[in-house]
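So the chains spell out like this:
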Amino acid sequence: MSETTQLEAPVFAEASPSVLHQLNLCNRRLERLLHNLRNEHNAEAEIRDIARDVIRAVEINPDVALACIFLSQINGTYAVRHCIETAVVTVVIARSMDLNPANSLTVTAAALTMNVGMLRHHEGFQNKNSPLSHEEMAIVRRHPEESADMLRDVGIDDDDWISCVLMHHENDEGSGYPAGIASPEVTLNAKLLSFADRYCAQVSARNYRKSILPSLALRNLIDDKQAPVDPHLADCFRRELGDFPPGCLVRLDGGEIGVVSRRQGCSRGLQVHYLRDAAGTLLSPALPRCLNDGPLAIAEGLSEDQAATRFSMKQIWGAQASL
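This structure is a prediction, so every number in the text was calculated from the model and none was measured. (Residues numbered from 1 in each chain as written. Predicted model: local features only at pLDDT ≥ 70, side-chain atom pairs only at ≥ 80, totals over all residues. Heavy atoms only, no water.)

J.: Outline the overall build of the protein, supporting the account with residue identities and numerical values.
T.: In terms of regular secondary structure, the protein is built from 13 helices and 5 strands. In the protein, which comprises 323 residues, the share counted as buried stands at 54%. Sequence separation of at least 24 residues holds for 65% of the intrachain contacts in the protein that already meet a minimum separation of 6. Carbon and sulfur atoms form 50% of the exposed surface of the protein, whose accessible area is close to 14,200 Å². (Helix = DSSP H or I, 4+ residues; strand = E, 2+ residues; numbered from the N terminus. Buried < 20%, exposed > 50% of the residue type's maximum accessible area, 1.4 Å probe, protein only. Contact = heavy atoms within 4.5 Å. Areas by Shrake-Rupley, 256 points an atom, 1.4 Å probe, with all protein chains shown as cover.)

J.: Please provide a residue-by-residue account of the UniProt feature "coiled-coil region" (unreviewed entry) in the protein, values included.
T.: Here the UniProt-annotated "coiled-coil region" (unreviewed entry) positions come out as residues 20-47. Structurally, residues 20-47 comprises 75% helix and 0% strand, and the distance from its first C-alpha atom to its last is 19 Å. (UniProt positions renumbered as here; feature names shortened; annotations may be inferred.)

J.: Which residues make up helix 4 (residues 78-96), and what are the values?
T.: Its 19 residues give helix 4 an end-to-end C-alpha distance of 27 Å, which sits within 8% of 27 Å, the value for a rise of 1.5 Å per residue. For helix 4, the buried fraction is high: 18 of the 19 residues fall into the buried class. (Expected span 1.5 Å × (residues − 1).)

J.: Could you give an account of the pattern of salt bridges, naming the residues involved and the relevant values?
T.: Using the criterion set out here, one finds 19 salt bridges in the structure. Residue Glu44 is joined to Arg48 by a salt bridge in which the shortest nitrogen-to-oxygen separation is 3.1 Å. Residue Glu44 and its partner Arg48 are both found in helix 2 (residues 43-60); the two are separated by 4 residues, about one turn of the helix. By relative accessible area, which is 13% here, Arg48 ends up buried. (Salt bridge = Lys/Arg side-chain N within 4 Å of Asp/Glu carboxyl O.)

J.: How would you summarise the packing of aromatic side chains if you had to cite specific residues and measurements?
T.: Applying the stated criterion across every chain, the model contains 3 aromatic pairs. Between Phe70 and Tyr199, the ring centres sit 6.2 Å apart and the planes meet at 80°, which makes this aromatic pair edge-to-face. Of this pair, Phe70 sits in helix 3 (residues 62-70) while Tyr199 is found in helix 9 (residues 188-203), placing the two residues 129 residues apart along the sequence. In this structure, Phe70 and Tyr199 share a single accessibility class: buried. (Phe/Tyr/Trp six-rings, centres within 6.5 Å; stacked < 30°, edge-to-face > 60°.)

J.: Can you lay out the pairing of strand 4 (residues 282-290) for me, pointing to particular residues and giving the numbers?
T.: As defined by bridge partners, strand 3 (residues 271-276) adjoins strand 4 across 5 bridges and the pair is classed as antiparallel. In the strand pairing of strand 4, Val272 is matched with Arg289. (Pairing = 2+ DSSP bridges.)

J.: Let's hear about the packing of helix 4 against helix 11 (residues 231-240): which residues, and what values?
T.: One can describe the packing of helix 4 onto helix 11 by two numbers: an axis separation of 10 Å at closest approach and a directional angle of 105°. Put simply, helix 4 runs roughly perpendicular to helix 11. On helix 11, the residues touching Val89, Val92, Ile93 and Ser96 of helix 4 are Leu233, Cys236, Phe237, Arg239 and Glu240. Residue composition of the contact of helix 4 with helix 11, grouped by class: 6 nonpolar, 1 polar and 2 charged. (Axes fitted to C-alpha atoms, helices over the stretch in contact; angles between N-to-C directions. Parallel < 35°, antiparallel > 145°, perpendicular 65-115°, else oblique. Nonpolar A, V, L, I, M, F, W, Y, C, P; charged D, E, K, R; others polar.)

J.: Before we move on, can you summarise the environment of Ala138 with the specific residues and values?
T.: With respect to the element layout, Ala138 can be found in helix 7 (residues 134-153). Here Ala138 falls in the partly exposed class, since its relative accessible area comes to 29%. On a C-alpha basis, the gap between Ala138 and Pro178 in space is 9.8 Å, while along the polypeptide they are 40 residues apart.

Next comes the structure, spelled out in structure tokens:
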């Protein structure tokens, strides 16, 4: 039976401005829709509606939206959560690139649907403790085409949307898949989606490995000689995310441990909420401080295990990060 009539009503009720809450609602809607996609009679409208809600969540507070990724606060299966996280990063970078609203909506919808052709295999691949077999790798390499075919089958004929899905694993120099095409045929939107997809894959934990620190993930992608990235996109990622995006746990050079809570403001410097002082004492409430208002600087990024502290996003960002 189609889920169309059973999806939640539009998630942006005026009384509920929480970015975290809205992204989790979007994730649940997307999970149901993608798993039932072939039975949907209004798939394009439903996907675009979810894409608009993701965009609006980012517009409420992009720092909170990004922190949801780095603090693993979007619940659900990795396969669908990864699409929501990739869509969030896509929206942040699209805003930096001054993409027009129609273009931003299209690439966000593409992010939400880029892996639908591999959805039934995804969790099995995640649970493997060994390398993928040749047959499984063939499924991975076919999934952009299978995803595009599924989208066409349910009535989506937007060429830009379809091309983004088809090319989100292609590389400028022709080393990607499924077709091995090269620039200038690879569109800018597809390059944006590809960068966001690979970035989110690295900074999110998988069943078989821990997440990679954002600074290392960014370097891995920008310095990848086998799959060079568009210099303009690389500049946008450096400017909008940098080494220490919101939600990144850090140790300051004075020994304090904190979480980056804002990228800009405070004379355009990073804002960090201190969670532990230099002696290791837990601070409650967490204390905000803009780094360029004083002598301290970030010494290193930390994993959750290294930070050895737990907190709710609401403690740091207030109502916009409540569940």
